[in-house]
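# Structural characterization, general
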Amino acid sequence: MQRIVVLAGGIGGARFLRGLKAAAPEAEITVIGNTGDDIHLFGLKICPDLDTLMYTLGGGIHEEQGWGRAGETFAVKEELAAYGMGPQWFGLGDRDIATHLVRTRMLAAGYPLSAVTEALCARWRPGVRLLPMTDDRVETHVVIDAAAADGGGSGGDGGDGEGGRRAVHFQEYWVRLRARVPAHGIVPVGAEAASPAPGVSEALAAADVILFPPSNPVVSIGTILAVPGIREAVTGSAAPVVGLSPLIGGAPVRGMADKVLAAIGVAADAASVARHYGPELLDGWLVAPQDADAVPEVEKAGIRCRAVPLLMTGQEATAAMAREALALAEEVRAA
Ligand code: FO1
């Protein structure tokens, strides 16, 4: 029984995992999910990446969106708006709210997030073991120009000076501001005081293969690695570590990876992301055919590299990517 451990964020990671399950139906797959996107709203604890992973693998996801439930309604959201209760920019659906009610109630009763996630997965049966990266509270914030946060032009110093900056929750940066304003810094608040959730370090130590799917290298995989002990567990594991580039032709396939990479001074291309992870962490890296010219550069950095199709256009394409990643892991192991 091959033990595969995957560090995953939301939409990209979830779609890749569907392909991995198809490519390795016999494998025991453990997913370490990012919780830095978590947000507390209306008294509820919302875990976007854990829920996207759970709904996608459990068959409840809104397919086009990649987040939230299929067949969703928004009666509660409309009623909240009627009361003038904000924020109204975060689309909470009625079915999704039930997940947050169960989670919030169990947390209030003293269950750790890992136990709550296990309980929610008992219903959804994702076919993988889904672990939060930590049971402790970590919430990613993004440093932007203050003026940009207020929709610009709101007087003050215009936000072009150092002083004119402030941090907003990642969800506000992504959902309200659509990542349309420059990100000057990414701060996983609480990460330095967090511990790996139960089972995380053990799964990494026992892994035969560790995969970094095409999730956001900064706010998803980077946040997971920011939990003290997790990076060390990955580098200390005997397992080959293989990643798949989330960037094709210098741009993210979805989301705002280019914006948050710029915030940490990393260029938005496949080779730069591989170098950013580094050869201590990464043994192998898959880039898209459009980025085949990056292969020698990545190999020079000490990371084995192959160019293969990386667009997750459907189940078969994604399974093929997963097979390529597993094949590269075996090549690394044999080297
Ligand atoms: N993303 C949006 O672009 N707009 C939304 O209104 C929105 C609501 C939402 C509600 C629950 C949830 O679990 C996710 C939601 N997302 C929404 C997606 C979320 O911002 C992202 O999936 C992750 O945080 C980044 O991968």
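What you are looking at is a predicted structure, and each value in this text was computed from that prediction instead of being measured.

## A few points about the overall build of the protein chain
A tally of regular secondary structure across the protein chain gives 14 helices and 14 strands. Seen through its C-alpha atoms, the protein chain measures out along the principal axes to roughly 60 × 50 × 35 Å. Looking at the protein chain alone, contacts between residues at least 24 apart form 71% of all its contacts between residues at least 6 apart. Carbon and sulfur atoms provide 54% of the accessible area of the protein chain, an area that totals close to 13800 Å².

## Digging into empty space enclosed by the protein
Under the defined criterion, the tally for this structure stands at 2 cavities of 30 Å³ or more. Within this model, the largest cavity holds a volume of roughly 50 Å³. As for the largest cavity, its lining consists of Phe-42, Lys-77, Leu-80, Ala-81, Met-85, Pro-87, Gln-88, Phe-90 and Leu-92. Here the lining of the largest cavity is built from residues that sort into 7 nonpolar, 1 polar and 1 charged. Leu-50, Asp-51, Met-54, Arg-103, Thr-117, Leu-120, Cys-121 and Leu-130 together form the lining of the second largest cavity. A per-class count over the lining of the second largest cavity returns 5 nonpolar, 1 polar and 2 charged.

## Some details on the site of the ligand
Near the ligand lie 13 residues; those nearest to it are Asp-37, Pro-48, Gly-91, Gln-171 and Arg-178. Separating an oxygen atom of the ligand from a side-chain N or O atom of Asp-37 is a distance of 3.0 Å. A distance of 3.0 Å separates an oxygen atom of the ligand from a polar side-chain atom of Arg-178. About the coverage of the ligand: the protein hides 90% of its 530 Å² of free accessible area. In a pocket analysis with a 2 Å cut-off to the grid points, the ligand is assigned to the largest pocket. Looking at the shell around the ligand, the elements that each hand over two or more residues are helix H2 (48-58) and helix H7 (170-176).

## Observations concerning the pattern of salt bridges
Using the criterion set out here, one finds 14 salt bridges in the structure. With a closest N to O distance of 2.8 Å, Arg-176 and Glu-172 form a salt bridge. Separated by 4 residues within a single helix, Arg-176 and Glu-172 lie in helix H7, roughly one turn from each other. For Arg-176, a relative accessible area of 31% translates into the label partly exposed. Taking relative accessible area as the criterion, Glu-172 reaches 18% and is therefore assigned buried. Of the charged contacts, one joins Glu-331 and Arg-306 as a salt bridge, the two residues approaching to 2.4 Å between their closest N and O atoms. Taken together, the residues Glu-331 in helix H14 (residues 315-334) and Arg-306 in strand E14 (residues 304-307) connect sequence positions 25 residues apart. Judged by its relative accessible area of 31%, Glu-331 falls in the partly exposed class.

## Looking at the sheet that holds strand E13 (residues 284-287)
The strands that make up a sheet are held in pairs by hydrogen bonds between backbone atoms, and each pair lies either parallel or antiparallel. Strand order in the open sheet formed by 7 strands is E5-E2-E1-E9-E10-E13-E14, and the pairing between neighbours is parallel. Edge strands, defined here as strands with exactly one partner in the open sheet, are strand E5 (129-132) and E14. Within the sheet, the average angular offset between the axes of one strand and its neighbour, ignoring direction, is 20°. Sheet topology places strand E10 (residues 241-244) next to E13; 3 bridges connect them, and they run parallel. Counterpart to Val-242 in the pairing with E13 is Gly-284. Against the sheet, H2 makes contact with strand E1 (3-8), strand E2 (28-33) and E5, and its axis sits at roughly 175° relative to E5, the strand it touches most. Sheet strands touched by helix H12 (residues 270-277): strand E9 (209-212) and E13. Its angle to E13, the strand with the most contacts, is close to 165°.

## Description of the domain arrangement of the protein chain
Assigned domains within the protein chain: domain 1 (3-68 + 110-135 + 193-334) and domain 2 (141-189). For domain 1 and domain 2, the distance between their C-alpha centroids amounts to 27 Å. Contacts between the two partners involve 14 residues from domain 1 and, on the opposite side, 12 residues from domain 2. When domain 1 packs against domain 2, the two sides together hide about 1000 Å² of surface, and 74% of this comes from carbon and sulfur. At the surface where domain 1 touches domain 2, the tally comes to 0 salt bridges. Where domain 1 meets domain 2, there are 3 residue pairs in polar contact (both at pLDDT 80 or more). Grouping the constituent residues of the side of domain 1 that touches domain 2 by class yields 9 nonpolar, 2 polar and 3 charged.

## Regarding the packing of H2 against helix H5 (residues 113-124)
Running from N to C, H2 and H5 cross one another at 20°; their axes reach a closest spacing of 10 Å. The angle between the axes of H2 and H5 places the two elements in the roughly parallel class. Viewed along their axes, H2 and H5 form a crossing whose handedness is right-handed. Along the contact surface, H2 presents Leu-50, Met-54, Tyr-55 and Gly-58, while H5 presents Leu-113, Thr-117, Leu-120, Cys-121 and Trp-124. Class assignment for the residues of the contact of H2 with H5 results in 7 nonpolar, 2 polar and no charged.

What counts, and at which threshold
Residues numbered from 1 in each chain as written. Predicted model: local features only at pLDDT ≥ 70, side-chain atom pairs only at ≥ 80, totals over all residues. Heavy atoms only, no water. Helix = DSSP H or I, 4+ residues; strand = E, 2+ residues; numbered from the N terminus. Contact = heavy atoms within 4.5 Å. Areas by Shrake-Rupley, 256 points an atom, 1.4 Å probe, with all protein chains shown as cover. 1 Å grid on protein atoms, 1.4 Å probe; cavity = no way out; pocket = protein on both sides within 12 Å on 5 of 7 lines; lining within 4 Å. Points joined across faces, edges and corners; volume = space filled by probe spheres on them. Nonpolar A, V, L, I, M, F, W, Y, C, P; charged D, E, K, R; others polar. Near = heavy atom within 4 Å. Polar contact = N/O pair within 3.5 Å; in protein donor to acceptor, adjacent residues only side chain to side chain. Sits in = over half its atoms within 2 Å of the grid points. Salt bridge = Lys/Arg side-chain N within 4 Å of Asp/Glu carboxyl O. Buried < 20%, exposed > 50% of the residue type's maximum accessible area, 1.4 Å probe, protein only. Pairing = 2+ DSSP bridges. Axes fitted to C-alpha atoms, helices over the stretch in contact; angles between N-to-C directions. Domains from an automatic or database assignment. Buried area = accessible area lost by both parts, 1.4 Å probe. Parallel < 35°, antiparallel > 145°, perpendicular 65-115°, else oblique. Left-handed = near helix turned anticlockwise from the far one by under 90°.

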